[in-house]
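Architecture and fold: a report
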Amino acid sequence: FHVSISDGGEHQYLLRKLYNNLGFLMEAMVEAFPQSLLQLIAIVYFNEPTFLSILSILISMTSVCSKLFLLMMTSILISWSRKIFLWLCFVADFVGIFFIVCFAFYQPSNQELQPYFSTLQNIMLYEIIICVAPFAVVGSIGMHLFHSLRLIDRTAP
């Protein structure tokens, strides 16, 4: 890990913080995120949400978001307002995905509401299939090609 002397003092401080917290970043990505997914699947599958399980999911999500905030702040390529905006976009998407999964598999206890939820669930499913999935696939392929071509350009003589 290298911190250049030419970096500003604030950036050096953030890079040292990032280096000191790499273990926590790994914990967020390897433990907290999968744990929140597994808990959400268990709640949806068994239809038994408890206060403790929901609180645990929220703590895991907060852990992931806070660690990403530190990672976002160490980037020197963009301005502070963009860093905050990108982080808020990630948080909104992250929480939105959990909300959509919870709502899509929710079974209301009042059977009179079931047809309404069925209709909304189908709308959300088709929205994801039509509006989200194609952009995610095209975007990930585009990012892969962009970085691959950039790597090829750097290594070319």
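Residues numbered from 1 in each chain as written. Predicted model: local features only at pLDDT ≥ 70, side-chain atom pairs only at ≥ 80, totals over all residues. Heavy atoms only, no water.

Bringing the overall build of the protein into the picture now. Counting its regular elements, the protein contains five helices and zero strands. Looking at the protein residue by residue over its 157 residues, the buried ones come to 24%. Here the analysis covers contacts within the protein between residues at least 6 apart in sequence; of these, 51% occur between residues at least 24 apart. Carbon and sulfur atoms provide 73% of the accessible area of the protein, an area that totals close to 11,600 Å². (Helix = DSSP H or I, 4+ residues; strand = E, 2+ residues; numbered from the N terminus. Buried < 20%, exposed > 50% of the residue type's maximum accessible area, 1.4 Å probe, protein only. Contact = heavy atoms within 4.5 Å. Areas by Shrake-Rupley, 256 points an atom, 1.4 Å probe, with all protein chains shown as cover.)

In this model, the largest pocket occupies a volume close to 330 Å³. Taken together, 15 residues form the lining of the largest pocket, with Leu-40, Ile-43, Pro-49, Ile-54 and Cys-102 sitting closest to its centre. In terms of residue class, the lining of the largest pocket is built from 14 nonpolar, one polar and no charged. Approximately 180 Å³ is the volume attributed to the second largest pocket. Contributing to the lining of the second largest pocket are Ala-92, Asp-93, Gly-96, Ile-97, Ile-100, Val-101, Met-124, Glu-127, Ile-128 and Val-132. Only helix 4 (80-104) and helix 5 (114-155) provide two or more residues apiece to the lining of the second largest pocket. If one sorts the elements of the lining of the second largest pocket by residue count, helix 4 sits on top with six residues. The residue makeup of the lining of the second largest pocket, split by class, is seven nonpolar, one polar and two charged. (1 Å grid on protein atoms, 1.4 Å probe; cavity = no way out; pocket = protein on both sides within 12 Å on 5 of 7 lines; lining within 4 Å. Points joined across faces, edges and corners; volume = space filled by probe spheres on them. Nonpolar A, V, L, I, M, F, W, Y, C, P; charged D, E, K, R; others polar.)

Counting through the fold element by element, Ser-56 comes out in helix 3 (residues 51-73). Once residues lying within four places of it in the same chain are set aside, the contact partners of Ser-56 are Gln-35 and Gln-39.

Detailed reading of the predicted coordinates is not advisable wherever pLDDT is low. Chain-level pLDDT for the protein is 78 on average; 88% of the residues reach the 70-or-more range. The weakest mean pLDDT in the protein belongs to helix 1 (residues 9-20) at 71; the strongest belongs to helix 5 at 83. (pLDDT = per-residue confidence, 0-100.)

It is worth spelling out the environment of Leu-40 at this point. Here Leu-40 is to be found in helix 2 (residues 22-46). Residues Leu-40 and Cys-102, 62 residues apart in the sequence, show an inter-C-alpha distance of 7.5 Å. In this view, Leu-40 contacts Ile-57, Phe-98, Val-101 and Cys-102; residues no more than four positions away in its chain are not counted.

A contiguous nonpolar patch, built from Val-137, Ile-141, Leu-145, Leu-149 and Ile-152 and spanning about 470 Å² of accessible area, is present on the exposed surface. For Ile-141, a relative accessible area of 47% puts it in the partly exposed group. (Patch = residues over 30% accessible without salt bridge, like charges linked within 9 Å, V, L, I, M, F, W, Y side chains within 5 Å. Salt bridge = Lys/Arg side-chain N within 4 Å of Asp/Glu carboxyl O.)

The subject of this paragraph is the packing of helix 3 against helix 4. One way to put it is that helix 3 packs onto helix 4 with a least axis distance of 10 Å and a crossing angle of 155°. The pairing of helix 3 with helix 4 is recorded here as roughly antiparallel in orientation. As helix 3 runs across helix 4, the sense of the crossing is right-handed. Across the interface between the two elements, Ile-57, Met-61, Val-64, Cys-65, Leu-68, Phe-69, Met-72 and Met-73 of helix 3 pack against Trp-80, Lys-83, Ile-84, Leu-86, Trp-87, Phe-90, Val-91, Phe-94, Val-95 and Phe-98 of helix 4. Each residue belonging to the contact of helix 3 with helix 4 can be placed in one class, and the counts come to 17 nonpolar, no polar and one charged. (Axes fitted to C-alpha atoms, helices over the stretch in contact; angles between N-to-C directions. Parallel < 35°, antiparallel > 145°, perpendicular 65-115°, else oblique. Left-handed = near helix turned anticlockwise from the far one by under 90°.)

Another point: the nonpolar core. Residues Ile-57, Met-61, Val-64, Cys-65, Trp-87, Phe-94 and Phe-98 are the most contacted members of the largest nonpolar core, which totals 14 residues. Looking at this core element by element, the count peaks at six residues for helix 3. The contacts of Val-64, once residues within four sequence positions are left out, are Ala-28, Met-29, Ala-32, Phe-33, Phe-90 and Phe-94. (Core = buried A, V, L, I, M, F, W, Y, C linked by side-chain atoms within 4.5 Å.)

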